[in-house]
Structure formats: C-alpha cells, structure tokens
Amino acid sequence: MAGSGRRPEHRGPPELFYDEAEARKYTQNSRVVEIQSQMSERAVELLGLPEDRPCLLLDVGCGSGLSGDYISEEGHYWIGMDISPAMLDVAVEREVEGDLLLADVGHGIPFRPGMFDGCISISAVQWLCNADKKSHSPPKRLYRFFSTLYTALARGSRAVLQLYPENSEQLELITAQAMRAGFTGGMVVDYPNSAKAKKFFLCLFVGTSGTLPKGLGTECASEELHQAKFTNERTRFRNVKGKSVKKSRDWILEKKERRRRQGKEVRADTKYTGRKRRPRF
C-alpha cells in the first residue's frame with residue numbers, strides 16, 4: 001500500500017509492484033520526495049493537531065517513511081503500516097523514527113481502541129478499490145479498513161487521507177464506506193481548477209461533526225460554495241506541484257505572520273513586500 005508522489009497506474013497489487021528496485025527508485029527520486037513532503041505537510045495541517053503537545057499518529061501506506069519524516073520533523077510520533085516488504089526494508093535502512101508494521105489495511109487496523117491522535121495516508125487508500133484476488137471485495141475491504149480505523153482513533157480526532165480516485169464512482173465508494181463506518185466529514189479539494197495541482201483529501205472526523213476545511217486555491221472555484229469556512233486553518237499558499245503561488249505576496253505575508261507568532265523578528269510589511277524587482281541590465 002506504499003504511498004507515491006505521482007498518480008499511480010494499477011499494475012497489480014502494491015506488494016508486487018513496489019519490489020526492491022521500484023522501492024529504491026521511488027525513494028531516491030527527488031521530485032517524488034518533494035511532492036510527498038508537501039502532501040504530508042498539507043495532510044498534517046488538516047488534522048488540526050494541538051500545538052502544545054506531541055501526538056501519536058498512524059501513517060497508512062507509509063512506504064519508505066517519507067511522510068513519516070515530516071511527522072517526526074513536526075515533533076510527533078508515528079506508527080506506519082504498509083503491505084510492501086520492499087518499501088519497509090528501505091524505511092528500516094533509512095532509520096526512520098517511527099515504528100513499522102507489515103500489514104494489509106484491507107484486513108483492518110490491528111491496534112487498541114482510541115490509541116491514535118490522528119491518521120494520515122498519502123496516495124494509498126485507492127489501492128483498496130482494486131480486487132487483486134478472487135476473495136477481494138473492495139466495498140468489504142474498505143469498510144473493514146474504515147471501521148477498525150474509527151475504533152483505533154481517539155474521540156474528537158481526525159483522519160486525513162490523500163488519494164487519487166480513478167473516477168467519481170470510486171470516490172463515492174470510498175466516501176460511502178467511511179460514512180458507513182461512523183465517520184463524518186467529506187472531501188477537501190485543493191486547486192480544483194488545475195489539472196496538475198488538483199489534490200483530493202478525505203477529511204474525516206471521529207465522534208464529532210466538525211467543519212470541513214476549505215480547499216486551497218478555491219477562491220474562484222464553485223467548490224467554495226459547498227465548503228464551510230474553517231477559521232483555524234493555516235493556509236500555506238503552497239501549490240502542491242511547487243509552482244505559481246509560492247513566493248507570491250500572499251504566501252510571503254502568511255509566512256511572515258507565522259514567524260511572528262513564533263516570536264521571531266520579522267521586517268515590517270510594506271507596499272513593496274512580495275513585489276518583483278525589475279531586472280538590471
């Protein structure tokens with residue numbers, strides 16, 4: 001169930017697709033590492049974790065531990081699950097800080113009730129929609145995953161699952177099984193008008209009916225009309241593909257404000273902040 005920084009093509013079960021060669025190539029690809037880190041940052045941000053204490057998170061489809069690296073950088077602890085032995089071998093070689101478990105999440109989440117403060121998953125859940133064996137029933141596997149995940153999460157916590165749905169039917173199947181398992185919430189779509197930067201995050205609430213965060217880049221999108229405001233969200237102004245909005249005036253102002261909240265010295269904002277300089281000849 002290894003997560004990936006690119007839209008996956010279905011070439012058999014993930015434990016076979018991500019063999020030793022693929023696992024190493026994937027982990028050494030700087031572009032994949034960058035995208036994985038950006039999506040992990042966004043997923044953790046959507047969790048809305050408390051800032052005054054470290055949390056224990058579950059990383060579903062942790063792969064070689066790239067998303068776990070970001071969790072560790074934020075000062076949290078994590079346990080990763082993946083179905084690919086090759087991916088987990090690479091994670092062990094990289095000496096990631098999280099604990100690792102070789103498991104098929106379609107069989108359920110094997111942890112005690114209320115153990116985790118949150119869950120993230122990067123590019124993994126869509127694999128459960130594939131019937132790789134005759135015994136596989138995607139609806140049953142998805143329900144088993146979501147129902148046991150719901151139990152393993154603390155009340156009031158969230159799960160944020162970034163995924164690449166192949167079509168609207170697959171998206172509806174995943175969402176329906178999550179709601180059937182007891183979750184509330186829905187889909188947060190970043191950059192809905194961009195073919196390349198568009199990202200789907202299934203944001204699920206446990207035991208409470210929270211307000212869905214607003215997707216990035218939705219200021220001019222129709223989706224904004226269907227999503228409630230979320231005042232506590234710290235919008236990153238970061239394009240998931242690493243282009244356009246980064247370094248913009250809004251992005252710079254938000255970053256400066258974040259540094260002020262951290263007690264750091266920051267130059268005052270002026271009308272020149274974020275303005276591009278003319279090239280010198």
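Scroll up to find the structure this text is about.
Residues numbered from 1 in each chain as written. Predicted model: local features only at pLDDT ≥ 70, side-chain atom pairs only at ≥ 80, totals over all residues. Heavy atoms only, no water.

**Student:** I'm lost on the pattern of salt bridges in this one. Help?
**Tutor:** Close approach of charged atoms allows side chains with opposite charge to pair. This structure, assessed with the given rule, holds six salt bridges. With its nearest N and O atoms 2.7 Å apart, the salt bridge here joins Asp 190 to Arg 42. With Asp 190 in strand 6 (residues 184-190) and Arg 42 in helix 3 (residues 30-47), this pair connects stretches of sequence that are 148 residues apart. With a relative accessible area of 3%, Arg 42 lands in the buried category. Arg 94 is paired through a salt bridge with Asp 69; the nearest N and O atoms lie 2.3 Å apart. With Arg 94 in the loop between helix 5 (85-93) and strand 3 (99-102) and Asp 69 in helix 4 (residues 66-73), the pair connects residues that are 25 residues apart, well separated along the chain. A residue is classified by how much of its surface remains accessible, and Asp 69, at 24% relative accessible area, is partly exposed. (Salt bridge = Lys/Arg side-chain N within 4 Å of Asp/Glu carboxyl O. Helix = DSSP H or I, 4+ residues; strand = E, 2+ residues; numbered from the N terminus. Buried < 20%, exposed > 50% of the residue type's maximum accessible area, 1.4 Å probe, protein only.)

**Student:** Quick question: what am I supposed to make of unusual backbone geometry here?
**Tutor:** Among all residues save glycine, negative phi is the norm, and among peptide bonds the norm is trans. Within the chain, Ser 123 stands out as a residue other than glycine whose phi angle is a positive 55 degrees. Overall, the relative accessible area of 1% leaves Ser 123 in the buried class. The backbone of Tyr 191 shows a phi angle near 50 degrees, a positive value even though the residue is not glycine. Secondary-structure assignment places Tyr 191 in the loop between strand 6 and strand 7 (199-205). For Tyr 191, a relative accessible area of 10% translates into the label buried.

**Student:** Can you walk me through the pairing of strand 2 (residues 77-82) in this structure?
**Tutor:** Two faces, one strand: in a regular strand the side chains alternate between the faces of the sheet. For strand 2, the buried fraction is high: five of the six residues fall into the buried class. As paired strands, strand 1 (residues 56-60) and strand 2 are joined by five bridges and run parallel to one another. From the neighbouring strand, Val 60 faces strand 2, where its bridge partner is Met 81. Running through helix 4, the crossover from strand 1 to the neighbouring parallel element strand 2 is right-handed. Looking at chain direction, strand 2 and strand 3 are connected through four bridges and run parallel. Among the inter-strand pairings, Met 81 is bridged to a residue of strand 3, identified as Leu 101. Once you follow strand 2 into helix 5 and on to strand 3, the crossover reads as right-handed. (Pairing = 2+ DSSP bridges. Right-handed = clockwise from strand over helix to strand, strands pointing away.)

**Student:** Explanation requested: helix 4 in the structure shown.
**Tutor:** Spacing of three or four residues puts side chains on the same side of an α-helix, whose turn is 3.6 residues. Buried residues dominate helix 4, accounting for six of its eight residues. Residues of helix 4 that are buried include every one of Leu 66, Ser 67, Gly 68, Tyr 70, Ile 71 and Ser 72, and no others.

**Student:** What is the right way to look at the nonpolar core in this model?
**Tutor:** Side chains of a nonpolar character, in soluble globular proteins, are inclined to be buried together. Within the largest apolar cluster, 34 residues are counted, with the highest numbers of intra-cluster contacts made by Phe 145 and Phe 146. At the level of elements, strand 1, strand 2, strand 4 (116-122), helix 6 (138-152), strand 5 (153-163), helix 7 (168-180), strand 6 and strand 7 are the ones that each hand at least two residues to this core. What Phe 146 contacts, discounting residues up to four positions off in sequence, is Leu 161, Ile 174, Gln 177, Ala 178, Ala 181, Phe 183, Leu 202 and Leu 204. The next biggest cluster of nonpolar side chains, apart from the first, holds 25 residues, and it includes Leu 57, Ile 71, Tyr 164 and Phe 205. (Core = buried A, V, L, I, M, F, W, Y, C linked by side-chain atoms within 4.5 Å. Contact = heavy atoms within 4.5 Å.)

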